[in-house]
Amino acid sequence: MAHKKNAPVNEASFFFTEPWEPVTVRRGDALGLGALADQFADAVAPGFSNRIRDGRWVTILAWCLVKSKIVFDASGGKSVSSRKEQEERYAWLQPLELMWVARTIALLDKEDWKQRSLAGRRRVAPWYEKQNSERFGMSNQQFRAYRQTGTYGGYRRAFRRWPGMTLGNDGWTPGKNSIALSKWLDSKLKGAQLTLGDELSRSAKAGRGKECGWWLNHWEEYPQSGKDADTNTLPRPRNDFSVLPEASLLNPIIFGDDTVGQTRVKIVNSIKKSSASEHIELCQHLSSQFKDDPVISRLYSFSRLADAGIAAMEYIAASLGDKPAVTISEITKSKDAVLICNELNKAAQAWLKLPPIQIRHIHAADRFAQEMLSDSPLECLRSVIEYHKLYGGGLRWFEIQDGKILPLTLPLTGRATNYGFRLWSLCRIAAQCGVLKKMPAALNADLEDSEEDNDDN
């Protein structure tokens, strides 16, 4: 089910079909180019999403999928064809996701677990200390929204697209590769094994509607450590690019002999040969190496245009700072304004000179480029602000009224996120699978922003 723009987060929460993406309430898609950026991302990192970042979470979620399927069946679950059945299926999966977040928090000190992708950690951490509330410390709304903001929501594309993860790619029924990963993780849970016990059917049926408490009672050992628990069982730190112990299982799933797997291999092998030190240079390298591919060949041109647009947005935000307003004329006089607008103008002209091509959402870049042809800083920045107002996604940063720029969000801290193409996610997991020996220099600065705190929605 496609999610309606600007709909409430929980409006589509009953459906769990990919490629649904929840509407963000962050600064988000500032120039409305996100849908087109996804087309480029699908070309260079097919079957990935920005939230698929850690091969270990693939292993953990496969384990969760297998264990929750056993209990779902025992509770009387028959299929996942209806909305109600999907709700019931996920009700048994969700507590296990959150218990793995709690397990990681339990076994590591705070400065360590904060460096790992743990969706919902802001609620789970205080809950683990006291365990005096239901739903792992989340409100009803947060708990419902976790279906999208949680870890399985972020990795659902892998379980629906990667070979052998779920039967019929339904995202629910464990396939042979999920079962193999689950068995591997079972063998590493020394001291924290999950034993479902006798009379499971009667117990599971009685636990329907009380799934959180049921799992906490049946997997009491979840915070237990055991030998090499961190290395073998926990999500990896964001700056850890070492080969995973289960790489021999993950590699053929992600970089296997199927068409999509081989496409990923080709992209990664091309990246290996690049001497690029920046993301834009890496995009240029890929466009050159895949010049016969109608989409990838335009990756550099699009990235240049989008990056130039975001640079203009950043400049305006930085000029505004924490002031209540600035006049647009006063921020156009600096050398930075001239340089930024000059680059945006050149990028727009270069884009419009490219021959027409059929790519979904290509009109977004064409439209943006058409509006950015003025080399006057005043007209350039005014055009950026108006374009952002009309076509931007997520929160609006600012607006212009009577020649004054007014803030609509808190001041921008640090740098805004450029439009990316899942290259960091692809290369991080390639390194974890041993396909890459190290992360490319061009992506070293692209440690992913912290999506795991979206549980405040």
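Here is a short report on the structure shown in this document. (Residues numbered from 1 in each chain as written. Predicted model: local features only at pLDDT ≥ 70, side-chain atom pairs only at ≥ 80, totals over all residues. Heavy atoms only, no water.)

## Things to note about the packing of helix H3 (residues 83–107) against helix H6 (residues 140–149)
Where H3 contacts H6, the two axes come as close as 10 Å, and the packing angle between them is 90°. As judged from the angle between their axes, H3 and H6 are roughly perpendicular. Only Phe143, Tyr146 and Arg147 of H6 make contact with H3, whose side of the interface consists of Gln86, Glu87, Tyr90, Gln94, Glu97, Leu98 and Val101. In terms of residue class, the contact of H3 with H6 is made up of five nonpolar, two polar and three charged. (Axes fitted to C-alpha atoms, helices over the stretch in contact; angles between N-to-C directions. Helix = DSSP H or I, 4+ residues; strand = E, 2+ residues; numbered from the N terminus. Parallel < 35°, antiparallel > 145°, perpendicular 65-115°, else oblique. Contact = heavy atoms within 4.5 Å. Nonpolar A, V, L, I, M, F, W, Y, C, P; charged D, E, K, R; others polar.)

## Some details on the nonpolar core
Ranked by internal contacts, the top residues of the largest apolar core, which has 136 residues, are Trp100, Phe255, Phe302 and Phe421. No other element matches the twelve residues that helix H15 (residues 299–320) contributes to this core. Beyond its immediate sequence surroundings of up to four residues, Phe421 is in contact with Ala37, Phe40, Ala41, Val44, Ala45, His279, Cys283, Leu299, Phe302 and Ser303. (Core = buried A, V, L, I, M, F, W, Y, C linked by side-chain atoms within 4.5 Å. Buried < 20%, exposed > 50% of the residue type's maximum accessible area, 1.4 Å probe, protein only.)

## Remarks on the pattern of salt bridges
This structure, assessed with the given rule, holds 15 salt bridges. In this structure, Arg56 and Glu246 form a salt bridge, with 2.8 Å as the shortest nitrogen-oxygen distance. One end of the pair, Arg56, is in helix H2 (residues 55–74); the other, Glu246, is in the loop between helix H11 (229–233) and helix H12 (247–254), with 190 residues separating them in the sequence. The residue Arg116 makes a salt bridge to Asp230 at a minimum N-O spacing of 2.8 Å. On the criterion of sequence distance, the pair formed by Arg116 in the loop between helix H4 (110–113) and helix H5 (121–130) and Asp230 in helix H11 is long-range, its members being 114 residues apart. Residues joined in a network through salt bridges with shared partners are Asp112, Arg116, Asp230, Arg236 and Asp240. (Salt bridge = Lys/Arg side-chain N within 4 Å of Asp/Glu carboxyl O.)

## Brief notes about the packing of H15 against helix H18 (residues 377–391)
Close contact between H15 and H18 brings their axes to 10 Å; oriented N to C, the two are set at 100°. Between H15 and H18, the interaxial angle falls into the category roughly perpendicular. Contacts from Ala312, Met313, Tyr315 and Ile316 of H15 reach H18 at Leu381, Val384, Ile385 and His388. In the contact of H15 with H18, the residues fall into seven nonpolar, one polar and no charged.

## Re helix H8 (residues 176–188)
For H8, built from 13 residues, the straight-helix expectation of 18 Å at 1.5 Å per residue is met to within 8% by its first-to-last C-alpha distance of 19 Å. Among all positions in H8, only Asn177, Ser178, Leu181, Ser182, Trp184 and Leu185 are buried. Relative to the axis of H8, the buried residues are bounded by an arc of 160° and lie together on one face. Projecting away from the buried face of H8 at angles above 90 degrees are the exposed residues Lys176 and Lys183. Lining the buried residues of H8 we find H2, H3, helix H7 (151–161), H11 and H12. (Expected span 1.5 Å × (residues − 1). Arc of directions from axis to C-beta.)

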